[in-house]
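# Structural description and commentary
Below, each chain spelled out in residue letters.
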Amino acid sequence: QAEDGIRDRSPSRGLGDVYKRQDLMTINGRDVSLADPISISIMDTQKNEIANMVPVVTGEGQFYQLWQIPSNLVSGNYEIMVQNGENSNSLTFTLK
């Protein structure tokens, strides 16, 4: 189990990839704590929350969430933050 409780949580195309508006992004992970709620936030560079999702977690501690990138988002970098209890992990993606 990962020390931070979140492992392999990455969009289907991998870290640092470029996306377009209305693309469908897959956010998934494993080894999350079943005792604590999990949430996924999408934020812009000023930490304004664009979306917040609560994925379903399986009995094996895996989660899977689809997110359609809104057509009105401006080009730039965005952060995906996954929180599970006191643990968190994040990555950045670029929207063209």
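Reading the values: the criteria
- Residues numbered from 1 in each chain as written.
- Predicted model: local features only at pLDDT ≥ 70, side-chain atom pairs only at ≥ 80, totals over all residues.
- Heavy atoms only, no water.
- Pairing = 2+ DSSP bridges.
- Helix = DSSP H or I, 4+ residues; strand = E, 2+ residues; numbered from the N terminus.
- Salt bridge = Lys/Arg side-chain N within 4 Å of Asp/Glu carboxyl O.
- Buried < 20%, exposed > 50% of the residue type's maximum accessible area, 1.4 Å probe, protein only.

All right, on to the pairing of strand β5 (residues 49-53) then. The sheet contact formed by strand β4 (residues 38-43) and β5 spans four bridges and is antiparallel. Counterpart to Ser-41 in the pairing with β5 is Asn-52.

Turning to the pattern of salt bridges, a few remarks are in order. Overall, the coordinates contain one salt bridge when judged by the stated rule. Across the pair Glu-79 and Lys-47 runs a salt bridge whose closest N-O atoms are separated by 2.5 Å. Here Glu-79 is found in strand β8 (residues 76-84), whereas its partner Lys-47 is found in the loop between β4 and β5, with 32 residues between them in sequence. With relative accessibility at 52%, the residue Lys-47 sits in the exposed group.

Attention now goes to the pairing of strand β9 (residues 87-95). If a strand is regular, its side chains alternate between the two faces of the sheet. One ladder, built from nine bridges, connects β8 with β9; its direction is antiparallel. Looking at the pairing, Ile-80 lines up with Leu-91 of β9. Two successive antiparallel strands, β8 and β9, enclose a turn made up of two residues, where Gly-85 displays a positive phi of approximately 65°.

For the rest of this paragraph, the subject is unusual backbone geometry. Positive phi is not limited to glycine here, since Asp-31 has a value of about 60°. Along the polypeptide, Asp-31 turns up in the loop between β3 (24-30) and β4. Non-glycine residue Lys-47 carries a positive phi angle of around 70°.

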